[in-house]
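Residue-level listing of the chains:
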Amino acid sequence: MRKNIGVVLSLALMAGSAMAAAPDHQDAAQQALDLAEKSIALRSVAGDANQTPKVASLFRDALVKGGFAPADVVITPYKDTAYLIARWPGSDPALKPLVISGHMDVVEAKASDWTHDPFKPQIENGYLLGRGSTDMKLDDTLAIAALLELKKEGYKPRRDIILEFSGDEETTMATGAIIASKLANAELVLNMDGANGTLDEKTGKPDYFTWEGAEKTYADFRLIVTNPGGHSSEPRAANAIDELAADLLHIQQHRFKPELNDLSRSYFVNAARWQKPEIASAMKAFAANPSDEKAIRTLSADPSFIGRIGTTCVVTMIDGGHALNALPQRATANINCRIFPGHSRAAIMEELRQAAHDPGMTIEDATEGSVETAASPMRPDVVQAIEHGMHVAYPGVPVFAAMSSGASDSMWFRSHGVPSYGISPIFIKNSDSFMHGLNERTPVSAIAPAMEDLLVLIPDLSH
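Scoring rules and cut-offs
Residues numbered from 1 in each chain as written. Predicted model: local features only at pLDDT ≥ 70, side-chain atom pairs only at ≥ 80, totals over all residues. Heavy atoms only, no water. Helix = DSSP H or I, 4+ residues; strand = E, 2+ residues; numbered from the N terminus. Rg over C-alpha atoms; globule rule 2.2 N^0.38 Å. Buried < 20%, exposed > 50% of the residue type's maximum accessible area, 1.4 Å probe, protein only. Areas by Shrake-Rupley, 256 points an atom, 1.4 Å probe, with all protein chains shown as cover. Lys, Arg positive; Asp, Glu negative; His and termini not counted. Charge placed at Lys NZ, Arg CZ, Asp CG, Glu CD. Pairing = 2+ DSSP bridges.

Draft legend 1. Representation of the overall build of the chain within the structure. Along the backbone of the chain there are 14 helices and 19 strands. A globule of 463 residues ought to have a C-alpha radius of gyration of about 23 Å, and the chain, at 24 Å, matches this closely. By principal-axis analysis of the C-alpha atoms, the chain measures approximately 80 × 50 × 50 Å. In the chain, which comprises 463 residues, the share counted as buried stands at 54%. Of the roughly 19,800 Å² that the chain leaves accessible, carbon and sulfur atoms contribute 52%. Placing the 42 positive and 58 negative side-chain charges of the chain at their respective mean positions leaves the two points 2 Å apart.

In structure tokens:
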């Protein structure tokens, strides 16, 4: 039997009262939770049964009911999906708009693999369960509910506030590129994607909040080895699969130069205090000297940190041969790279070519839905606003910059010269973070303080 959401929310708010500001906007928090449940129930996964357009309609209806003019909320179909752009006109048309960004689609999830149906939202033991509870339907609905609460309270923005949701961020990211091109005149973007607050594993209290001002460039490179092949009863020295295997081992042994920027240095210096001594020492040493070999070895050995210290490339798919009784004529592999800001895909592809030590191998850039971008500036007004909102929600919590190892729609805005900042106000334990994985869940206690944060942050940057 489904529990009463209002009761669960109230209990969660009381449970979180020791770590967050007293909730002043419980109706808005409740609206965000209700809307999140409704959107999670819609299977917005790429394919023939994609329900992302229904999520867009759900969000549009909520915005219009809350006071947005119907003409200011536009849904645009795109292939099997759709995207939404909503505008709240400001009082000064000379000011560039503030954009709040999110996405409505989610990664595929199979009920047979989960402990519960991923598209039947549940609240259990203080958690909202379901695909998209963390990445990122709850963040979407928090943004919607915050804007509607500001409208209800009579807030009048000076600059336009534009709320946009892409429809294929988890796949081709085409709608994100379209949206960014339409909004290339924006002042800045607040990207709600992901959970950026970290809770203590034992106490459940907030450790720190990071905002993201840069992300690594996503890239796929296809390695190809070919030869004439032949009959399997007549093996020869040149075997396409053997040659590709050797190339992959060479690439596996290759180490890209470890490096830092202002954002990643900020993360290493500030987040070290919450790590075990060996990792903390390595973080501080690497921040001081990115050539420190001991620190590099320690951080490289931890999957949580290797992506933070430079470019990484790893083989993700292989294919070879055409018959069980024939020598392979062709063997291919996909190398997935996450490139540190400041390096081009072409430069990394050439580094991979040299690392393979195989002049007969062909390498191609097979990347789709990605663009190289530099870090967004650490603007004092943005940093101050992020800290202000977070300290209203969580008084005294440490707030500092970081860099994402993944990819998001922020890259499309940065490619147009529009600064974009990852600012999801959701707090979660690292052990509870199952984005893209099984049994995704988010603590309900994170909703109310997240609302308090947004109700400060958005006015600070739109006045």
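From this point on, the discussion continues.
Draft legend 2. Highlighting unusual backbone geometry. Across the junction of D135 and M136, the peptide omega takes the value -10°, indicating a cis bond. When you line up the elements, M136 lands in the loop between β5 (127-129) and α4 (137-152).

Draft legend 3. Expanded view of the pairing of strand β2 (residues 81-88). Counted residue by residue, β2 has seven buried out of eight residues, so it is predominantly covered. Sheet analysis places strand β1 (residues 73-78) next to β2, joined by six bridges and oriented antiparallel. Paired with V74 across the strands is I85, a residue of β2. In this structure, the hairpin formed by β1 and β2 is closed by a connection of two residues, where K79 is found at a positive phi of approximately 50°. Two strands pair when backbone bridges link them, and β2 and strand β6 (residues 161-166) are joined in this way by five bridges, in the antiparallel orientation. Along β6, the bridge assignment pairs I85 with E164.

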